[in-house]
Amino acid sequence: MESSNRAILTFDALLYRNCFVCQTIIRERKNIRYHYASIIYHLVILLFATWLKLPLFVPFLIFLIRAIWLPKLGLKAKQVGMAEIGFSMMLYVFVLFLYF
């Protein structure tokens, strides 16, 4: 698989991850099913990202830890959004160094 296709798949995984983050932390704060679904998704995407390129294990492990830990903090939507910008930038920089 070409490196540009792998980079696109990495960012697609990030976008779908953000859907679970928003549902779990902001909209469905009290629904434990969304939290578990988010953790399972992050585990699967961690394996997928590692399959794409081994060093991607690091940022996606951070995302998994964040999926487990962040919903328990009770942050406001604005705080979650600011954290997500930071996490997205982390992945962006990581992918730039890996693929280009």
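Note that the structure is predicted; figures quoted are calculated from it, not measured.

Engineer: Describe the packing of aromatic side chains, with residues and values.
Structural biologist: All told, the structure shown has three aromatic pairs when counted by the stated rule. Relative to Phe87, the ring of Phe63 lies with its centre 6.1 Å away and its plane at 75°, an arrangement referred to as edge-to-face. On the criterion of sequence distance, the pair formed by Phe63 in helix H3 (residues 57-69) and Phe87 in helix H4 (residues 77-99) is long-range, its members being 24 residues apart. No difference in accessibility class separates Phe63 from Phe87, as the two residues are buried. Through pairs of rings, three or more aromatic residues link up here, namely Phe60, Phe63 and Phe87.

Engineer: Please provide a residue-by-residue account of the nonpolar core, values included.
Structural biologist: Judged by nonpolar contacts, the single largest core of 14 residues is most densely connected at Leu56, Phe60, Phe63, Leu91, Val95 and Tyr99. Elements that contribute at least two residues to this core include exactly helix H2 (32-52), H3 and H4. If one sorts the elements of this core by residue count, H2 sits on top with six residues.

Engineer: Please set out H2 residue by residue, giving values where relevant.
Structural biologist: In this model H2 runs 30 Å from its N-terminal to its C-terminal C-alpha over 21 residues, within 8% of the 30 Å that 1.5 Å per residue would give. All of the buried residues in H2 are His35, Ser38, Ile39, Tyr41, His42, Ile45, Leu46, Ala49 and Leu52. Each buried residue of H2 sits inside an arc of 165° when the element is viewed along its axis, so together they form one side. Along H2, exposed side chains directed more than 90 degrees from the buried face belong to Arg33, Tyr36, Ile40, Val44, Leu47 and Trp51. Regarding H2, its N-cap is Asn31, as a side-chain oxygen of that residue lies 3.0 Å from the backbone nitrogen of Arg33 further along.

Engineer: Before we move on, can you summarise the packing of H3 against H4 with the specific residues and values?
Structural biologist: Helix-helix packing: each pair is described by the crossing angle between the helix axes and the interaxial distance. For the pair H3 and H4, the least separation of the axes is 10 Å and the interaxial angle reads 165°. As far as their axial angle goes, H4 and H3 are roughly antiparallel. Considering only the axes of H3 and H4, their crossing is left-handed. Residues Val58, Pro59, Phe60, Ile62, Phe63 and Arg66 of H3 form the contact with H4, whose participating residues are Glu84, Phe87, Met90, Leu91 and Phe94.

So, how was this worked out
Residues numbered from 1 in each chain as written. Predicted model: local features only at pLDDT ≥ 70, side-chain atom pairs only at ≥ 80, totals over all residues. Heavy atoms only, no water. Phe/Tyr/Trp six-rings, centres within 6.5 Å; stacked < 30°, edge-to-face > 60°. Helix = DSSP H or I, 4+ residues; strand = E, 2+ residues; numbered from the N terminus. Buried < 20%, exposed > 50% of the residue type's maximum accessible area, 1.4 Å probe, protein only. Core = buried A, V, L, I, M, F, W, Y, C linked by side-chain atoms within 4.5 Å. Expected span 1.5 Å × (residues − 1). Arc of directions from axis to C-beta. Polar contact = N/O pair within 3.5 Å; in protein donor to acceptor, adjacent residues only side chain to side chain. Axes fitted to C-alpha atoms, helices over the stretch in contact; angles between N-to-C directions. Parallel < 35°, antiparallel > 145°, perpendicular 65-115°, else oblique. Left-handed = near helix turned anticlockwise from the far one by under 90°. Contact = heavy atoms within 4.5 Å.

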